[in-house]
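Now for the letters of each chain:
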Amino acid sequence: MRMYKSAVALLLTIILISPANAVDSFTFTGNGYGHGVGLSQIGGKAMALEGKSAEAIIKYYYTGVIVEPVADWYDVRVNIGHQLTKSSVSLASNSGYIDINGYQISDKATSANFKMTPAGISTTINKSKSVIATLPPTNQILIQWSGTRFLAGDSAVVSFNNGKTQRFQFGQMNLLVVGKYFEATNTLRLKDEYLYGVSEVSSAWPTEMLKAQVIAARSYAIAKAGIYRPSCDCDLYGTVQDQLFVGLGKLSEPKFGSLWKAAVDATNVDEESGLAATYMGNPISAYYSSSTWGTTESALNAFGTDVEYLQPVADPVSLDPKRNPNYAVWKRTVSVAVVAKAFGLPDVQKLTVKDKRIEATSLNGSKSSLRLETFRSRAGLPSSFFTIS
């Protein structure tokens, strides 16, 4: 009898939490791409095409700022590989050499392969698929190449592979054990070596918008520089978590790479400073995104902190399908599993948007609430401005 009652109770539970009309996905329709705070890149491009200057673009999207020279001559540490278990480096140029903790590689057929082990980072030197040397495991590896400020000699370009391959010409690299993984960083000068590799807009865009993007990128990097993050052994991530950094990839773009370099150089004032946006005398955290929903978002609504220079301004061009063909209007269908994971719930059957927050309700009545921007990021939606069906 007890077993029978238990079976009936289980059956009733299954029926209650698995109704025939349970939701298995949500469809979102919205506008814009990104968090919408600060500079709208689509809007800035339109202003440049209308003849507006880089300074005018910056002052429009960042309330109350001025554009002025700010010191940017120092080095920043950029993460180019997060939580790695293996990677490799090789010479990508026909000249120069690489120095790896004292071991030198001077030909393109030789590579250094790094692997995380219980004893630290092991290094195997391979040539034509044959092992020619091994270096003792260590917690830190310094990688330098000739023709840089750090190592004399003929100019070299290195290829670094951590699942994807990128080429680097400036600075030096470090591999450092952090917990169960190792972090890879590129240390290089902010004012030019770093900014040459920031890839956030097309280099084919109007000159004044390229310069505005450089000013925003420089301002953002200056605001972050010097705030060391142990988890990545870095000042800045080389991803869109901060700013997308692609090493030599930006300058080597066919036809247009030189235009980005010219924009960076044009905003350099002298050997020690470059143009940046400041508010009350301090470089700003110059957030930016691809496009908006017709108005930029405030930092308060997006991130929970009010920032005087990150206030909403009109951005109607983002809603123009001719100028913003992919994101003037967009539609995405997201599974319940992804939505539930975003909220930390076992399932989600109802979503409600109110006061810049989104609330989820599960079958068992549990509820969880997130900022729209947080949900957008976790659910992989283009923007936080949407309707739900």
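Bear in mind that the values here come from a model prediction, so they are computed numbers and not experimental data. (Residues numbered from 1 in each chain as written. Predicted model: local features only at pLDDT ≥ 70, side-chain atom pairs only at ≥ 80, totals over all residues. Heavy atoms only, no water.)

A word on the packing of aromatic side chains
In step 1: Enumeration according to the criterion identifies 14 aromatic pairs in this entry.
In step 2: Of the aromatic side chains, those joined through ring pairs into one cluster are Phe-28, Phe-343, Phe-375 and Phe-386.
In step 3: Here the guanidinium or amino end of Lys-250 rests over the ring plane of Trp-260, the centre of that ring lying 5.3 Å away. (Phe/Tyr/Trp six-rings, centres within 6.5 Å; stacked < 30°, edge-to-face > 60°. Lys NZ or Arg CZ within 6 Å of the ring centre and 35° of its normal.)

Some points on the environment of Ala-152
In step 1: Position of Ala-152 relative to the elements: it lies in the loop between β11 (140-145) and β12 (158-161).
In step 2: Overall, the relative accessible area of 62% leaves Ala-152 in the exposed class.
In step 3: Distance in space between the C-alpha atoms of Ala-152 and Tyr-97 is 9.9 Å, their sequence separation being 55 residues.
In step 4: Apart from residues no more than four positions distant in its own chain, Ala-152 is found in contact with Tyr-97, Ser-146 and Gly-147. (Helix = DSSP H or I, 4+ residues; strand = E, 2+ residues; numbered from the N terminus. Buried < 20%, exposed > 50% of the residue type's maximum accessible area, 1.4 Å probe, protein only. Contact = heavy atoms within 4.5 Å.)

Some remarks on the confidence of the model for the chain
In step 1: Across the chain, the average pLDDT comes to 93, with 95% of residues at or above 70.
In step 2: Low pLDDT (under 50) marks residues 1-18, which in the prediction has one contact with non-local residues, meaning those over four places away or in another chain. (pLDDT = per-residue confidence, 0-100.)

A word on the pattern of salt bridges
In step 1: What the rule picks out here adds up to 16 salt bridges.
In step 2: Here Arg-218 and Asp-72 are joined by a salt bridge, their closest N and O atoms 2.9 Å apart. Note that Arg-218 is positioned in helix α5 (residues 207-224) and Asp-72 in the loop between β3 (66-71) and β4 (75-84), a separation of 146 residues in sequence.
In step 3: In this structure, the salt-bridge partner of Glu-373 is Arg-376, at a minimum N-O distance of 2.8 Å. Note that Glu-373 and Arg-376 are positioned in helix α9 (residues 372-379) at a spacing of three residues, about one turn of the helix. The two residues Glu-373 and Arg-376 agree in class, both being buried.
In step 4: Three or more residues are tied together by salt bridges with common partners; here these are Asp-75, Arg-149, Arg-189, Asp-192 and Glu-193. (Salt bridge = Lys/Arg side-chain N within 4 Å of Asp/Glu carboxyl O.)

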